[in-house]
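For reference, the chains in residue letters:
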Amino acid sequence: VSCPGTGEVVPVSAGADTDANPIRIASPGLLTMTPDGKTVYAANLGAGIVTPISTATDEPGHPIMVGLAPLDMAITPDGKTLLVLTYTGVTPVDVATNRAGKPVAIEGGVALVVAPGGTTAYVLAKPNPDSEQGFVVPVDIRANTPGQPIKVGMSPQQIAITPDGK
């Protein structure tokens, strides 16, 4: 559980309904976990960082600079890449090394989802601040490149993908 006001991430044991000692990190917000459950990533909106936390030790690692305002995060199904959506694009992070790669520029990102195959991410964006027109931008994760934007409705908020990826 992220608690930005107190600067803590609080582990809660499911089933036992008990909390553990809080983990201190600066202004944790969004959380996401690797598929193997070994690492939780906590985003700090104001500082433009994500902090890896080991679930085995409950110890935070070194913060990773990802760009202005981390708004959403997703991890590829193979657990190898963390994608962090910022207001200016998508920053890939190698989960093995916790190093950020070159960002893919996408203006006005709102939400992010990774297709089940793990090779494509889809970013919901409103790139024009004077318009509520939304677009879905496919991102080739391996090539680290954006595809052709797909025009969608006005004022979009969230994006989801079916389990079969179709």
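For the structure, see preceding data.
In this report, the structure presented in the accompanying data block is examined. (Residues numbered from 1 in each chain as written. Predicted model: local features only at pLDDT ≥ 70, side-chain atom pairs only at ≥ 80, totals over all residues. Heavy atoms only, no water.)

Overview of the sheet that holds strand 2 (residues 8-9)
Moving on, step 1. Judged by pairing direction, the sheet is antiparallel, and its three strands sit side by side in the order 1-2-5 without closing on themselves. Of all strands in the sheet, those bounded by a partner on one side alone are strand 1 (2-3) and strand 5 (23-24).
Moving on, step 2. Pairing geometry for strand 1 and strand 2, over two bridges, is antiparallel. Looking at the pairing, S2 lines up with V9 of strand 2. (Pairing = 2+ DSSP bridges. Helix = DSSP H or I, 4+ residues; strand = E, 2+ residues; numbered from the N terminus.)

As for unusual backbone geometry
Moving on, step 1. With phi around 60 degrees, A69 is a residue other than glycine that occupies positive phi space.
Moving on, step 2. By the element assignment, A69 lies in the loop between strand 9 (64-65) and strand 10 (72-75).
Moving on, step 3. Classification of A69 as buried rests on a relative accessible area of 16%.
Moving on, step 4. Of note, N144 is a non-glycine position whose phi angle comes to about 60 degrees, a positive value.
Moving on, step 5. With respect to the helices and strands, N144 occurs in the loop between strand 17 (133-140) and strand 18 (145-146).
Moving on, step 6. Take N144: its relative accessible area is 25%, and that puts it in the partly exposed class. (Buried < 20%, exposed > 50% of the residue type's maximum accessible area, 1.4 Å probe, protein only.)

With respect to the nonpolar core
Moving on, step 1. Counting 14 residues, the largest nonpolar core has L83, I106, L112, A121 and V123 as the members making the most contacts within it.
Moving on, step 2. Every element with two or more residues in this core is listed here: strand 11 (81-86), strand 15 (109-114), strand 16 (120-125) and strand 17.
Moving on, step 3. Apart from the residues within four sequence positions on either side, V123 is in contact with L85, V90, I106, G109, A111, L112, F135, V136, V137 and V139.
Moving on, step 4. Core analysis: the next-biggest nonpolar cluster, separate from the first, contains eleven residues, V50, M73, V84 and V95 among them. (Core = buried A, V, L, I, M, F, W, Y, C linked by side-chain atoms within 4.5 Å. Contact = heavy atoms within 4.5 Å.)

Section: the sheet that holds strand 6 (residues 31-33)
Moving on, step 1. A sheet is described by the order of its strands in space; here four strands give the open sequence 6-7-8-9, paired in antiparallel fashion. Edge positions in the sheet fall to strand 6 and strand 9, since each has one partner strand and no second.
Moving on, step 2. Here strand 6 runs beside strand 7 (residues 39-44); their pairing, made up of three bridges, is antiparallel. Bridge assignment links L31 to a residue of strand 7, and that residue is A42.

Notes on a nonpolar patch on the surface
Moving on, step 1. Taken together, the side chains of L45, L68, L71 and Y87 present a nonpolar region at the surface, about 370 Å² in accessible area.
Moving on, step 2. You can see Y87 is positioned in the loop between strand 11 and strand 12 (89-94). (Patch = residues over 30% accessible without salt bridge, like charges linked within 9 Å, V, L, I, M, F, W, Y side chains within 5 Å. Areas by Shrake-Rupley, 256 points an atom, 1.4 Å probe, with all protein chains shown as cover. Salt bridge = Lys/Arg side-chain N within 4 Å of Asp/Glu carboxyl O.)

Here's the deal with the layout of surface pockets
Moving on, step 1. Of the volumes computed, that of the largest pocket is approximately 200 Å³.
Moving on, step 2. If you go around the largest pocket, you meet 14 residues; those closest to its centre are V9, P11, M33, V40 and T55.
Moving on, step 3. Going through the elements one at a time, strand 6 and strand 8 (49-54) are the ones with two or more residues in the lining of the largest pocket.
Moving on, step 4. Broken down by element, the residue count for the lining of the largest pocket peaks at three residues, all from strand 6. (1 Å grid on protein atoms, 1.4 Å probe; cavity = no way out; pocket = protein on both sides within 12 Å on 5 of 7 lines; lining within 4 Å. Points joined across faces, edges and corners; volume = space filled by probe spheres on them.)

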